[in-house]
Amino acid sequence: CQEPVCVFMGFEGVLWTPDARRLVVKLRAPGWNPPADGPTDSPSSVRDVWTSPPEGRSRPKADEGWHSYDACRGDIAVVDIESSKVLRLGTEMYPFGVEASPDGRYVAAMCFGGFLPKPDGNTALFDLHLFALDGSVHRVLAPRVPGRHGTAFSWSPRGDEVAYTSYQAGSGALFIVGLDGGERMTTDGADVCLGHDR
């Protein structure tokens, strides 16, 4: 496969499907071309340098419309290892956690979708997406899930449900959602303790 694969901070990777015939990956979104390292000039070359006066304060990246979740931008795709063909399942997304179902039919992905309004403006919202590996299905199983990192979810052994957590204002909850979108809370008001959402 010649497509550029993106992984971020070591918690993303390349996933095998159970049949060992395909790989689930996050690809660089088309049009996103970070500059490559260019050749370095020789030490003898001369350049002009301008120094800006300090403003007295650092400028928050949010002032430029940037947020840390931009580093996770990409397309969720499946690669056939025999033919090297690539099928993009979800494009222009911000996936954090990506997991293949045990039966190899689906992929679940928790994707960044914005922030809660203030005063909880630092709490991220994630959408739990479901993709069929053949490209026939893409729907959101659980929208606007408050959380921190979007990695706290897992498939049931049968591959028919996904368990996930939410976290807001110091309190966590545990949910189970079926592939049809039917959802139930399992903690009955008791807090779920979440360290790094894993």
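In short, a report on the structure. (Residues numbered from 1 in each chain as written. Predicted model: local features only at pLDDT ≥ 70, side-chain atom pairs only at ≥ 80, totals over all residues. Heavy atoms only, no water.)

**Some words on the pattern of salt bridges**
Stage number 1. One pass over the full model with this rule turns up six salt bridges.
Stage number 2. A salt bridge links glutamate 92 to arginine 73; its shortest N-O distance comes to 2.9 Å. Pair noted here: glutamate 92 is in strand 4 (residues 86-93) and arginine 73 is in the loop between strand 2 (22-27) and strand 3 (74-80), with a separation of 19 residues, a long-range link.
Stage number 3. Judged by its relative accessible area of 41%, glutamate 92 falls in the partly exposed class.
Stage number 4. What emerges from the salt-bridge pattern is a single network uniting Glu3, Asp75 and Arg88. (Salt bridge = Lys/Arg side-chain N within 4 Å of Asp/Glu carboxyl O. Helix = DSSP H or I, 4+ residues; strand = E, 2+ residues; numbered from the N terminus. Buried < 20%, exposed > 50% of the residue type's maximum accessible area, 1.4 Å probe, protein only.)

**With respect to the sheet that holds strand 6 (residues 106-115)**
Stage number 1. Spatially, four strands are ordered 5-6-7-8 in an open sheet, and the strand pairing comes out antiparallel. Because the sheet does not close on itself, it has two edges, and the strands there are strand 5 (95-100) and strand 8 (138-147). Sheet twist, expressed as the mean angle between neighbouring strand axes with direction ignored, is 20°.
Stage number 2. Strand direction decides the pairing type here: strand 7 (residues 124-132) and strand 8, joined by seven bridges, are antiparallel. Residue pairing in the sheet places histidine 129 in a bridge with valine 140 of strand 8. (Pairing = 2+ DSSP bridges. Axes fitted to C-alpha atoms, helices over the stretch in contact; angles between N-to-C directions.)

**Re the pairing of strand 5**
Stage number 1. Most of strand 5 is tucked away: five of the six residues are buried.
Stage number 2. From the end of strand 5 to the start of strand 6, which pair antiparallel, there are five residues, and glycine 104 there has a positive phi angle of about 75°.

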